[in-house]
Amino acid sequence: MSKQNKVRGKSITRQLRDETEAFLSTKSFGTQKNYRKWLDAYIKYCREHHNCKTHDECFMHIQDYADYLQGKYSASTVHSYLAAVCGFYNVPMDLITKPIRHTAEYTKSRSDNGKKIRADNNIDNPRYERSVSFQRVVGIRASELAKLEGRDLVTDESGHLCVFVKNGKGGKDSLQRILPEDEVFISEYFNVGEKEKVFQPIELSNSIDYHHIRAENAKRCYGYYLNKINTEEGYAEKLADEIRLRWKLHCTKKLPDGTIVHKPFDEKKIKGTYKIRGKNKALAIKYGFATEYNNLALAAVSIFHLAHWRNNVTVQSYLLSH
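Residues numbered from 1 in each chain as written. Predicted model: local features only at pLDDT ≥ 70, side-chain atom pairs only at ≥ 80, totals over all residues. Heavy atoms only, no water.

Undergrad: When you look at the pattern of salt bridges in this model, what are you seeing that I'm missing?
TA: A side chain of one charge can pair with a side chain of the opposite charge if their charged atoms are brought near each other. Inspection of every chain in the model, using the stated rule, returns 18 salt bridges. The partner of arginine 36 in a salt bridge is glutamate 21, and the shortest N-O contact between them spans 2.9 Å. With a gap of 15 residues between them, arginine 36 in helix H3 (residues 29–50) and glutamate 21 in helix H2 (residues 21–24) connect regions that are remote in the sequence. Arginine 36 sits in the partly exposed class, given a relative accessible area of 28%. For glutamate 21, a relative accessible area of 31% corresponds to the partly exposed category. The salt bridge partner of glutamate 232 is lysine 228, with a shortest N-O separation of 2.9 Å. Judged by relative accessible area, lysine 228 falls into the buried class, the value being 17%. (Salt bridge = Lys/Arg side-chain N within 4 Å of Asp/Glu carboxyl O. Helix = DSSP H or I, 4+ residues; strand = E, 2+ residues; numbered from the N terminus. Buried < 20%, exposed > 50% of the residue type's maximum accessible area, 1.4 Å probe, protein only.)

Structure below.
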């Protein structure tokens, strides 16, 4: 390859990367960092393997890229790389053939992952008692704890007490519902000035596995909703209406041009039974977990307590956590 072609090739690569910036600007800082890395990797692949010079040409090779990644990375990593690519080209992930992610292969937040107990990751350390106790009944992400202020205890569109999470995952705000039995306990945390932090830095300067605590709370909330559905007449209909309302008001997507669109609600999300299959089912049986879940209760946990909006994520990353 001549020097001129190398220079030209570099120029095309640079141009393709620059054209992704408008899309990346709609994401939070952390998401931008990861998506930029994954989009750069896709552009490099398209340039080297298919000599693409425009994004219209790159668009044609997403499935080729998925096949290429499958032999190099785990299923979870392949999904991460493809999420950025599909997001940029506005291609539904379901249209791309890719390896299936199995909860059985996850290692994050496992009780048997071999971590040694130290002062800074011990949930029984008195220094971290407030944050650990808070997580056990709220269960937000560790990075979100540090942002909480006195004014962030609010009521939602259905009148339930919630913790308002600012600029959470994906740069989105969310409302984290509090179960009625925990309302008094949580309210005490917010007895500070409106703009005063709920937690001091020393309380959060640790390596505690807050995700695992978040998962334990998700299990507790699932049990709460399932019991109410099974024992209280009319509760299932009431809960379904609250889920539809939250979805209508808050489940949105920001397009690259800045337009905010509302995602359509699928009634299947709150109907019937969610059944675990394959390796995930074997994992559930091994650890004594259920292999079938009520979709309505799952949706309530996913939407009101995890802000994930997807039942499969709730099961795989939280209810099957051990």
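Undergrad: Would you mind going over the environment of cysteine 52 with me for this structure?
TA: On the secondary structure map, cysteine 52 appears in the loop between H3 and helix H4 (55–58). Sequence separation between cysteine 52 and threonine 13 is 39 residues; the distance between their C-alpha atoms is 9.2 Å. If we ignore the near neighbours within four places in the chain, the residues touching cysteine 52 are Ile12, Leu16, Cys46, Arg47, Glu57, Cys58 and His61. (Contact = heavy atoms within 4.5 Å.)

Undergrad: Looking at this model, I keep getting lost on the packing of H3 against helix H6 (residues 75–89). Mind explaining?
TA: To describe two helices that pack against each other, one gives the angle between their axes and the distance between the axes. Look at H3 against H6: their axes get within 8 Å of each other, and the N-to-C directions meet at 85°. With respect to each other, H3 and H6 are oriented roughly perpendicular. Where H3 abuts H6, its residues Tyr35, Trp38, Leu39, Ala41 and Tyr42 lie against Ser80, Tyr81, Ala83, Ala84, Val85, Phe88 and Tyr89. Considered class by class, the residues forming the contact of H3 with H6 number eleven nonpolar, one polar and no charged. (Axes fitted to C-alpha atoms, helices over the stretch in contact; angles between N-to-C directions. Parallel < 35°, antiparallel > 145°, perpendicular 65-115°, else oblique. Nonpolar A, V, L, I, M, F, W, Y, C, P; charged D, E, K, R; others polar.)

Undergrad: What am I meant to see in the nonpolar core here?
TA: Nonpolar side chains tend to gather and get buried jointly when the protein is soluble and globular. If you look at the biggest cluster of nonpolar residues, it comprises 35 residues, and the most contacted ones within it are Tyr225, Leu239, Ile243, Tyr293 and Val315. Mapped onto this core, the elements with two or more residues apiece are helix H11 (210–231), helix H12 (235–250), helix H13 (278–286), helix H14 (295–306) and helix H15 (311–319). If one sorts the elements of this core by residue count, H14 sits on top with nine residues. Formed by 27 residues, the second largest nonpolar core is a distinct cluster that contains Leu24, Leu69, Cys86 and Tyr89. (Core = buried A, V, L, I, M, F, W, Y, C linked by side-chain atoms within 4.5 Å.)

Undergrad: I tried to follow the confidence of the model for the chain on my own but got confused; where do I start?
TA: When pLDDT drops low, the exact placement of atoms in the prediction is not to be read closely. Averaged over the chain, the pLDDT score is 86; the fraction of residues at 70 or greater is 90%. Of the regions scoring below 50 in pLDDT, residues 1–9 engages in three contacts with residues more than four places distant in sequence or in other chains. When the criterion is pLDDT under 50, residues 103–107 qualifies, and its contacts beyond four places in sequence or with other chains add up to 14 contacts. (pLDDT = per-residue confidence, 0-100.)

Undergrad: Could you clarify how one ought to interpret the side chain of histidine 308 in this entry?
TA: Along the chain, the position of histidine 308 falls in the loop between H14 and H15. Overall, the relative accessible area of 15% leaves histidine 308 in the buried class. Once you skip the residues sitting within four places of it in the chain, histidine 308 turns out to touch Arg141, Lys169, Arg214, Ser302, Val313 and Tyr318.

Undergrad: How should I be thinking about the sheet that holds strand S3 (residues 174–177) in this particular structure?
TA: By definition, the strands of a sheet pair up through backbone hydrogen bonds, in either a parallel or an antiparallel sense. Taken together, the three strands give an open sheet; going across it, the order is S1-S2-S3, and neighbouring strands pair in antiparallel fashion. Looking at the sheet topology across the chains shown, the edges are occupied by strand S1 (153–155) and S3. The mean inter-strand angle of the sheet, taken between neighbouring strand axes irrespective of direction, is 45°. (Pairing = 2+ DSSP bridges.)

Undergrad: How do you make sense of the packing of H11 against H12 when you look at a structure like this?
TA: Where H11 meets H12, the axes come as close as 7 Å, and the angle between the chain directions of the two elements is 130°. In this view, H11 runs oblique relative to H12, as classed from their interaxial angle. On H12, the residues that touch Tyr224, Tyr225, Lys228 and Ile229 of H11 are Tyr235, Ala236 and Leu239. Per-class residue counts for the contact of H11 with H12 are six nonpolar, no polar and one charged.

Undergrad: In this structure, what is going on with the packing of aromatic side chains? I would like to understand it.
TA: Working definition: an aromatic ring pair is given by the centre-to-centre distance plus the angle between the planes. Following the criterion strictly, the structure yields 23 aromatic pairs and no others. Through a chain of ring-to-ring contacts, three or more aromatic side chains come together here, namely Phe23, Tyr35, Trp38, Tyr42, Tyr45, Phe59, Tyr65, Tyr68, Tyr73, Tyr81, Phe88 and Tyr89. Here arginine 177 stacks its cationic end above the ring of phenylalanine 304, 3.6 Å away from the centre of that ring. (Phe/Tyr/Trp six-rings, centres within 6.5 Å; stacked < 30°, edge-to-face > 60°. Lys NZ or Arg CZ within 6 Å of the ring centre and 35° of its normal.)

Undergrad: Looking at this structure, how should I read the environment of valine 192?
TA: By the element assignment, valine 192 lies in the loop between helix H9 (183–187) and helix H10 (201–204). With residues near it in sequence (within four places) discarded, valine 192 still touches Gly150 and Lys197.

Undergrad: When you look at the pairing of strand S2 (residues 161–165) in this model, what are you seeing that I'm missing?
TA: Side-chain direction in a regular strand flips from residue to residue, so the side chains alternate between the two faces of the sheet. Taken across its five residues, S2 has four buried, putting it largely inside the fold. Both S1 and S2 contribute to a ladder of three bridges, which runs antiparallel. Directly across from leucine 153, in S2, lies its bridge partner valine 163. Linking two consecutive strands that pair antiparallel, namely S1 and S2, is a turn of five residues; a positive phi of about 90° is found at glycine 159 within it.

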